[in-house]
Amino acid sequence: MPRKPSVTLTEAELRLMNLLWQRGSATIHQLVAALPKKQPLAYTSVLTTIRVLEKKGYVKHLKDGRAHLYLPLVGKREASRFEVRNLLSRFFRNSHEALVMNILQDESIDAIELQRLRDLLEGKIR
């Protein structure tokens, strides 16, 4: 039985979405060229990933001569909120408090960041 496609973004999908959010639109060739040389993806991998993103409803394409121009349909803010809601649902039983407590109890958070979060929660920062 084939695996059910994930509605969340994989790492490869997120890399391409970040490029599209930065650029506004791009062809497959432009996306391949814009990827960091340290983490390249083959043309066919980018094409396959973009097609998956199109099926998921994250991007659409327009015909530009012989090439397809890909545009994001979902903004970065909307995508990040969806991912957080998914995380909240899957790991924290929709408890915002449990999520925040998990973040606050993380030992890697430094004192400055912790104080900023406290200030945000107390309404001192907007």
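Going by the structure above, here's the rest.
In what follows, the accompanying structure is described.

## Concerning the nonpolar core
Thinking step 1. Membership of the largest hydrophobic core comes to 18 residues, with the highest contact counts inside it found for Leu16, Leu20, Leu31, Ile50, Leu53, Tyr58 and Val59.
Thinking step 2. Of all the elements in the fold, those that place two or more residues in this core are α1 (11-23), α2 (28-34) and α3 (43-56).
Thinking step 3. If we ignore the near neighbours within four places in the chain, the residues touching Tyr58 are Val7, Leu9, Met17, Leu53, Leu71, Pro72, Leu73, Val74, Ala79, Phe82 and Glu83.

## Some details on the side chain of Thr27
Thinking step 1. Position of Thr27 relative to the elements: it lies in the loop between α1 and α2.
Thinking step 2. We classify Thr27 as buried; its relative accessible area is 12%.
Thinking step 3. Not counting chain neighbours up to four residues away, the residues in contact with Thr27 comprise Ala67, His68 and Leu69.

## A word on unusual backbone geometry
Thinking step 1. One non-glycine residue, Arg93, lies in the positive phi region at around 50°.
Thinking step 2. Inspection of the secondary structure assignment puts Arg93 in the loop between α4 (76-92) and α5 (96-104).
Thinking step 3. One non-glycine residue with positive phi stands out, namely Asn94, at about 60°.
Thinking step 4. You can see Asn94 is positioned in the loop between α4 and α5.

## Side note on the side chain of Thr49
Thinking step 1. Within the secondary structure, Thr49 is located in helix α3.
Thinking step 2. Taking relative accessible area as the criterion, Thr49 reaches 14% and is therefore assigned buried.
Thinking step 3. Non-local contacts of Thr49, meaning those with residues more than four positions away in its chain, are made with Ala12, Glu13 and Leu16.

## With respect to the layout of surface pockets
Taking a probe equal in size to a water molecule and rolling it over the atoms shows the remaining empty space.
Thinking step 1. What the largest pocket holds in volume is close to 180 Å³.
Thinking step 2. Leu99, Val100, Ile103, Leu104, Leu117 and Leu121 together form the lining of the largest pocket.
Thinking step 3. Elements supplying a minimum of two residues to the lining of the largest pocket: α5 and α6 (111-121).
Thinking step 4. Per-element tally for the lining of the largest pocket: the top contributor is α5, with 4 residues.

The rules behind these values
Residues numbered from 1 in each chain as written. Predicted model: local features only at pLDDT ≥ 70, side-chain atom pairs only at ≥ 80, totals over all residues. Heavy atoms only, no water. Core = buried A, V, L, I, M, F, W, Y, C linked by side-chain atoms within 4.5 Å. Buried < 20%, exposed > 50% of the residue type's maximum accessible area, 1.4 Å probe, protein only. Helix = DSSP H or I, 4+ residues; strand = E, 2+ residues; numbered from the N terminus. Contact = heavy atoms within 4.5 Å. 1 Å grid on protein atoms, 1.4 Å probe; cavity = no way out; pocket = protein on both sides within 12 Å on 5 of 7 lines; lining within 4 Å. Points joined across faces, edges and corners; volume = space filled by probe spheres on them.

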